[in-house]
Structure formats: structure tokens, C-alpha cells
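# Observations on the three-dimensional arrangement
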Amino acid sequence: MAEFFASIDAEIMGRKTLDAARKMGGSFGSSKIAAYVFSRSQPPGQRDSLRFVNQSPETFVAELRDRKGKDIWLMGGGELAREFLKADLVDEIYLGIVPTLLGEGIPLFPVGFPQRDFALLENKTFSKGLITLKYRRVRTKTKSKGTAKSGDRT
């Protein structure tokens, strides 16, 4: 994952996913990468190493893309991913599949967004059966606003 983390300088997470990660002992916002949490229940602003955000994904991503920087990592959760997919702000999907069936949980992609086409770029197999899949967004029409171009932040 070192190569991946070297390619990003901003990470985005939903507040519910942050709460779940903290319950499992995970950390978020403890590195040199700018960490943003989308929340409707927490007031916007900086707290510790996190910046809480309460604005539309389109507005927020446009602000980030106006700055010089690397890629942006949207790491969850499902509701937030749905809003980014609805706004067509997702340029790549990088999935890790762990061979453990939970039987229940939060959907990765909840219903409620238009179909988006992605093409497989890469697949890798790791020890203990972990598989990663990397897909790139396929756009049939050229959009002049809100999508990444070569050299832009994605």
C-alpha cells in the first residue's frame, strides 16, 4: 500500500464510517495526509487532525481540485460514496476483497445512483486470498466541469 499512499494527499470519509473505524481501533487523520470527514451532525471545522465538512461533494471536490496536489482518496462509507457517484466525481475504484463472508453489514454501493461504467485496470492477488481490483471510470461524453483531466487531482 506504500505506493498507493504516496499517490494521495487528501482522504475523505463519512462520519458514520469514522465512528465505526474508531470502534474497531482504527485511526484516521493521523498522518501527513489531509483528512476530511463529511458530516451532517457535526459542525464544520478543524478538530484534532480532522477537518469536518458539511457541503456538497461537488463544491468540496472543486475546491480541492483548484489546489495543487495529488490524488484524493474517498474511503467510505456507502452513503457518501453514493453521493460522489451521483455527482460523477469518482475517477477510479480500488476494491480489496477479503475472503470472509460476514452475512450482513452495510452495502458497499447502496441503491440510488445512475449507472456508471468502469474498466478494469489491474488485479492483484495477495497472501491469504486477498484480491485487489482497480477500475477506471469510462466516460463517453467529455465533461468540461468537475471531472479530472490528465495532470489534475483525481
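Owing to the predicted nature of the structure, the values given are computational and were not obtained by experimental measurement.

## Topic: the overall build of the protein chain
Check the secondary structure of the protein chain and you find 4 helices and 8 strands. The linear arrangement of helices and strands in the protein chain, starting from the amino end, is α-β-α-β-β-β-α-β-α-β-β-β. A principal-axis box enclosing the C-alpha atoms of the protein chain has dimensions of 40 × 40 × 35 Å. Taking all 154 residues of the protein chain together, the buried fraction comes to 31%. In the protein chain, the proportion of contacts linking residues at least 24 apart, taken out of those at least 6 apart, comes to 62%. Where the 26 positive side-chain charges of the protein chain centre and where its 18 negative ones centre are 2 Å apart.

## Notes on the side chain of Asp88
Locating Asp88 in the fold gives a position in the loop between α4 (78–86) and β6 (92–97). At a separation of 2.9 Å, a polar atom in the side chain of Asp88 contacts the side chain of Arg137.

## A few points about the pairing of strand β8 (residues 131–138)
Strand direction decides the pairing type here: β6 and β8, joined by 6 bridges, are antiparallel. Across the sheet, Glu92 pairs through a bridge with Arg136, a residue of β8. Judged from the 8 bridges that link them, strand β7 (residues 117–125) and β8 form a sheet pairing that is antiparallel. In the sheet register, Thr125 faces β8, and the bridge partner there is Ile131. In textbook terms, the turn of a hairpin is the stretch between consecutive antiparallel strands, and for β7 and β8 this stretch comprises 5 residues, one of which, Lys128, has a positive phi near 60°.

## Some details on the pattern of salt bridges
Per the stated rule, a full pass over the model turns up 11 salt bridges. Across the pair Asp19 and Arg15 runs a salt bridge, and its minimum N-O distance is 2.5 Å. Here Asp19 pairs with Arg15, and both are found in helix α2 (residues 15–23), just 4 residues apart, close to one helical turn. Exposure remark for Arg15: the relative accessible area of 24% places this residue in the partly exposed category. As a salt-bridge pair, Asp88 and Arg139 come within 3.4 Å of each other at their nearest N and O atoms. On the criterion of sequence distance, the pair formed by Asp88 in the loop between α4 and β6 and Arg139 in the segment after β8 is long-range, its members being 51 residues apart. Classification of Arg139 by relative accessible area gives partly exposed; the value is 25%.

Thresholds applied
- Residues numbered from 1 in each chain as written.
- Predicted model: local features only at pLDDT ≥ 70, side-chain atom pairs only at ≥ 80, totals over all residues.
- Heavy atoms only, no water.
- Helix = DSSP H or I, 4+ residues; strand = E, 2+ residues; numbered from the N terminus.
- Buried < 20%, exposed > 50% of the residue type's maximum accessible area, 1.4 Å probe, protein only.
- Contact = heavy atoms within 4.5 Å.
- Lys, Arg positive; Asp, Glu negative; His and termini not counted.
- Charge placed at Lys NZ, Arg CZ, Asp CG, Glu CD.
- Polar contact = N/O pair within 3.5 Å; in protein donor to acceptor, adjacent residues only side chain to side chain.
- Pairing = 2+ DSSP bridges.
- Salt bridge = Lys/Arg side-chain N within 4 Å of Asp/Glu carboxyl O.

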